[in-house]
Amino acid sequence: MQRIILPRPDDWHLHLRDGAMLQAVLPETARHFARAIIMPNLVPPVVTLADAAGYRERILAALPEGTAFEPLMTLYLTEGTDPADVERAAGSGLVKGVKLYPAGATTNSQSGVRDLDRVMPVLEAMARIGLPLCVHGEVTSAEVDIFDREAVFIDRVLAPLRRRLPELRVVMEHITTEEGVAYAAEGGDTLAATITTHHLIINRNHILAGGIKPHYYCLPVAKREKHRLALRKAATSGSPRYFLGTDSAPHVDALKEHACGCAGCFTATNTLSLLAHVFEEEGALDKLEGFASRNGPAFYRLPVNTGTIALEKRAEPCVWPAKIISEVGPVTVFDPGFPVHWHVLP
Ligand code: NCD
Ligand code: ZN
């Protein structure tokens, strides 16, 4: 029997929502992960330190009895964000990053940034204190093809911003292209990139060929196969620039299976088993520890978790619930489309 033991992993990009949805999905992450960077795109968004502290309390209150899980909070950057509040947030120790959503890029991003000039004082303060900017790297211009929005964002927005403010520490969230992989590779110590589980598994054919599959639709949208292969190579390379951010993003089925379906794949439940499968396929099981447990803390300047988690490869495939049931409706768990044999031990 093959076994792997990892320091308890962290998820460096997670959507937990609030209320009944939070209650339903939090145990799925807390079961396996010690910490997660919590996305602030609630309605209304988590903008201030006070918002983040309140949300953090609601997360802690929703934890199942006896579960240890640390939510690492982020602030949603708006054109009205006060640099002094951001500095206080970093100083409080509760907030570990500030999230840049270009206005209109994705779910609940209406309050995002339209003009970077307007947030320069905040970014300058962050550069000074070393607080990371977590970037949703897609342009939103209607004339840019949705499959090109990441690459265009790097050229038009991210590269100029990093030339203007080289000390700013940046996480390229959920990269999906070979351009994203290449840019992150060359960025030096101030740059890192998260990669989701599902982008290592699906390409755009999975969404669109043989009938439209709304549960594979997320943002940034999965790209061509060559991009998936570039992401696999990056994730399993051992480079400290890349680490896990699942972007597990629950939406109830009624809003996924809809004429205007929401973006998001829900992978909290089976991410670790899927990753072991992917890393084994790439002949890189020894690199999973860096990707899931070590590279993230190194970039965020946090200690590696002291506990461990074990996975065991068994003849029988893993069985997960097809759906997580919440009071607001069912949420479909990501289906990789193949059997997975790496069981997480309790
Ligand atoms: C996320 C969500 O639903 O909040 N959706 C997604 O497809 N990833 C937003 C995001 O991270 O873009
Ligand atoms: Zn996300």
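Everything discussed here concerns the structure shown above.
Owing to the predicted nature of the structure, the values given are computational and were not obtained by experimental measurement.

Rules used throughout
- Residues numbered from 1 in each chain as written.
- Chains lettered and ligands numbered in written order.
- Predicted model: local features only at pLDDT ≥ 70, side-chain atom pairs only at ≥ 80, totals over all residues.
- Heavy atoms only, no water.
- Helix = DSSP H or I, 4+ residues; strand = E, 2+ residues; numbered from the N terminus.
- Rg over C-alpha atoms; globule rule 2.2 N^0.38 Å.
- Buried < 20%, exposed > 50% of the residue type's maximum accessible area, 1.4 Å probe, protein only.
- Contact = heavy atoms within 4.5 Å.
- Phe/Tyr/Trp six-rings, centres within 6.5 Å; stacked < 30°, edge-to-face > 60°.
- Patch = residues over 30% accessible without salt bridge, like charges linked within 9 Å, V, L, I, M, F, W, Y side chains within 5 Å.
- Areas by Shrake-Rupley, 256 points an atom, 1.4 Å probe, with all protein chains shown as cover.
- Salt bridge = Lys/Arg side-chain N within 4 Å of Asp/Glu carboxyl O.
- Lys, Arg positive; Asp, Glu negative; His and termini not counted.
- Charge placed at Lys NZ, Arg CZ, Asp CG, Glu CD.
- Polar contact = N/O pair within 3.5 Å; in protein donor to acceptor, adjacent residues only side chain to side chain.
- 1 Å grid on protein atoms, 1.4 Å probe; cavity = no way out; pocket = protein on both sides within 12 Å on 5 of 7 lines; lining within 4 Å.
- Points joined across faces, edges and corners; volume = space filled by probe spheres on them.
- Nonpolar A, V, L, I, M, F, W, Y, C, P; charged D, E, K, R; others polar.
- Near = heavy atom within 4 Å.
- Sits in = over half its atoms within 2 Å of the grid points.
- Pairing = 2+ DSSP bridges.
- Axes fitted to C-alpha atoms, helices over the stretch in contact; angles between N-to-C directions.

### Here's the deal with the overall build of the protein
Phase 1: Within the protein, the regular secondary structure consists of 11 helices and 13 strands.
Phase 2: Computed over the C-alpha atoms, the radius of gyration of the protein is 19 Å, within 12% of the 20 Å expected from 2.2 N^0.38 for a compact globule of 346 residues.
Phase 3: Each of the three principal axes of the protein carries a C-alpha extent, and together these read 55 × 45 × 40 Å.
Phase 4: Counting across all 346 residues of the protein, residues that qualify as buried make up 60%.
Phase 5: Long-range contacts, defined here as pairs at least 24 residues apart, represent 74% of the contacts in the protein between residues at least 6 apart.

### Section: the packing of aromatic side chains
Phase 1: Considering all chains together, one arrives at eight aromatic pairs under this definition.
Phase 2: Ring geometry for Phe243 against Phe299: centres 6.3 Å apart, planes inclined by 35 degrees, an arrangement best described as tilted. Within this pair, whereas Phe243 is found in strand β9 (residues 242–244), its partner Phe299 is found in helix α11 (residues 288–300), the two being separated by 56 residues in sequence.
Phase 3: We classify Phe243 as buried; its relative accessible area is 0%.
Phase 4: Taking relative accessible area as the criterion, Phe299 reaches 7% and is therefore assigned buried.
Phase 5: On the basis of an interplanar angle of 70 degrees and a centroid distance of 6.3 Å, the ring pair of Phe243 and Tyr300 is categorised as edge-to-face. Pair noted here: Phe243 is in strand β9 and Tyr300 is in helix α11, with a separation of 57 residues, a long-range link.

### Quick notes on a negative patch on the surface
Phase 1: The grouping of Asp145, Asp148, Asp155 and Glu179 at the surface amounts to a negative patch.
Phase 2: Within the element layout of this structure, Asp145 appears in the loop between β6 (133–135) and α5 (149–164).
Phase 3: Judged by relative accessible area, which is 41%, Asp145 ranks as partly exposed.

### What about the side chain of Thr78?
Phase 1: Its location among the elements puts Thr78 in the loop between β4 (70–76) and α3 (83–92).
Phase 2: Taking relative accessible area as the criterion, Thr78 reaches 13% and is therefore assigned buried.
Phase 3: Separated by 3.0 Å, the side chain of Thr78 and the backbone nitrogen of Gly80 make a polar contact.
Phase 4: If sequence neighbours within four positions are ignored, Thr78 has contacts with Val47, Ser111 and Val119.

### Description of empty space enclosed by the protein
Phase 1: Tallied over the entire structure, the rule returns four cavities of 30 Å³ or more.
Phase 2: Counted as a void, the largest cavity has a volume near 120 Å³.
Phase 3: As for the largest cavity, its lining consists of 18 residues, of which His15, Thr106, Leu219, Asp247 and Ala249 are closest to the centre.
Phase 4: Of the residues belonging to the lining of the largest cavity, the class tally is six nonpolar, nine polar and three charged.
Phase 5: Lining the second largest cavity we find Val135, Gly137, Glu150, Phe153, Ile154, Leu158, Met172, Glu173 and Ile175.
Phase 6: Broken down by element, the lining of the second largest cavity gets its largest block of residues, four residues, from α5.
Phase 7: When the residues that make up the lining of the second largest cavity are grouped by side-chain class, the tally is six nonpolar, one polar and two charged.

### Focus on the environment of Leu345
Phase 1: With respect to the helices and strands, the residue Leu345 is situated in the segment after β13 (342–344).
Phase 2: According to the relative accessible area criterion, Leu345 is buried, its value standing at 16%.
Phase 3: Separated by 33 residues in the primary sequence, Leu345 and Glu312 have C-alpha atoms spaced 6.9 Å apart.
Phase 4: The residues touching Leu345, leaving out its near neighbours within four places in the chain, are Arg3, Ala310, Glu312 and Arg314.

### A few points about the site of ligand 1
Phase 1: Close contacts around ligand 1 come from 15 residues, with Asn41, Thr106, Leu219, Asp247 and His251 the closest.
Phase 2: For ligand 1, a nitrogen atom lies 2.7 Å from a polar atom in the side chain of Asp247.
Phase 3: Ala263 places a main-chain nitrogen or oxygen 3.1 Å from a nitrogen atom of ligand 1.
Phase 4: Considered on its own, ligand 1 offers 310 Å² of accessible surface; in the complex 100% of this is hidden by protein.
Phase 5: Judged by the fraction of its atoms near the pocket grid, ligand 1 is located in the largest cavity.

### Topic: the sheet that holds strand β2 (residues 10–14)
Phase 1: The strand order across the open sheet formed by eight strands is β2-β3-β4-β5-β6-β7-β8-β9, and the pairing between neighbours is parallel. The sheet is open, and its two edges are formed by β2 and β9, each paired on a single side. Between one strand axis and the next, the sheet turns through 30 degrees on average, direction left out of account.
Phase 2: Here strand β5 (residues 95–100) pairs with β6 via three bridges, running parallel. What sits directly across from Leu100, in β6, is Val135.

### Side note on the side chain of Arg35
Phase 1: Positionally, Arg35 belongs in strand β3 (residues 35–38).
Phase 2: The exposure class assigned to Arg35 is buried, which follows from its relative accessible area of 5%.
Phase 3: Looking at Arg35, its side chain comes within polar contact range of the side chain of Asp10, at 2.8 Å.
Phase 4: At 3.3 Å, the side chain of Arg35 forms a polar contact with the side chain of Asn305.
Phase 5: Those residues in contact with Arg35 that lie beyond four places of it in its chain are Pro9, Asp10, Asp11, Trp12, Phe69, Glu70, Leu72, Pro297, Leu302, Pro303, Val304 and Asn305.

Remember that the coordinates give geometry; whether it matters functionally is a separate question.
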